[in-house]
Amino acid sequence: MVKRQHENDPEAFTWEMFKNEFSNQYIPKSVHREKDREFSRLEQENKTVAEYEASFAQLTKFTPDLVATEKSRARRFEEGLRTSIRQAVILFKIATYSGVVNKALLVEREQRFGLGPE
């Protein structure tokens, strides 16, 4: 059914478009609203960076508009990091989500174990 709606579109029907259409059609709006609220409140708190990243990634499946660009995704992830990690990560002005996650993991490792780069 979704394909039929886009058969005559000049733009190719992408995987992202399919996921959005599927989500809009089969996941209730109330679930989307609740996930939006969860995502807005999401912070690292006492989680490890890896645990926080897993929660972040899971919730972004329901809130793609809130992190539509690579830069907005990176900034939002940074904002939710524990203060001591965030302060170290923002100094690098990293533009990509994966870059911010990787740097946060390194900073966390340094803070926990006092280990420098290998």
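Above this text is the structure in question.
What this report covers is the structure whose coordinates are included nearby. In this convention, every chain numbers its residues from 1, walking through the sequence in written order. Owing to the predicted nature of the model, reporting of local features is limited to residues with pLDDT of at least 70; listing and counting of side-chain atom pairs is limited to 80 or more, with chain, interface and lining totals taken over all residues. Water and hydrogen atoms play no part in the side-chain values, which are based on all heavy atoms of the structure.

**Focus on the packing of helix H3 (residues 29-41) against helix H4 (residues 49-60)**
- Axes, fitted as lines to C-alpha atoms, cover a helix only where it is in contact. Angles between the N-to-C directions of the axes lie from 0 to 180 degrees. Comment: elements are numbered from the N terminus, with helices defined as DSSP H or I runs of at least four residues and strands as E runs of at least two. It is the contact of H3 with H4, at a shortest axis distance of 9 Å, that shows an interaxial angle of 150°. With respect to their mutual orientation, H3 and H4 come out roughly antiparallel. For the pair H3 and H4, the crossing hand works out as left-handed. Counting all contacts with H3, which are made through Lys 35, Glu 38 and Phe 39, the residues of H4 involved are Phe 56, Leu 59 and Thr 60.
- As a working rule, the residues Ala, Val, Leu, Ile, Met, Phe, Trp, Tyr, Cys and Pro are called nonpolar, Asp, Glu, Lys and Arg charged, and the rest polar, with Gly in that last group. For the contact of H3 with H4, the class distribution of residues is three nonpolar, one polar and two charged. The scheme is simple: roughly parallel for angles under 35 degrees, roughly antiparallel for over 145, roughly perpendicular for 65 to 115, oblique for anything else. The crossing is said to be left-handed when, going from far helix to near helix, the turn is anticlockwise and less than a right angle, and right-handed when the turn is clockwise. Contact definition: two residues touch when any of their heavy atoms are within 4.5 Å.

**Here's the deal with the nonpolar core**
- Among the nonpolar cores identified, the biggest contains 18 residues, and Phe 56, Phe 77, Leu 81, Ile 85, Val 89 and Ala 104 are the most heavily contacted of them.
- Contributions of two or more residues to this core are made by H4, helix H5 (70-80), helix H6 (83-90) and helix H7 (97-113).
- In contact with Ala 104, not counting residues within four places along its chain, are Val 49, Phe 77, Leu 81, Ile 85 and Val 89. Here, nonpolar core means buried Ala, Val, Leu, Ile, Met, Phe, Trp, Tyr and Cys residues that are tied together by side-chain atoms lying within 4.5 Å of each other. Think of it in three bands: with a 1.4 Å probe and only protein chains considered, a residue is buried below 20% of the maximum accessible area for its type, exposed above 50%, and partly exposed in between.

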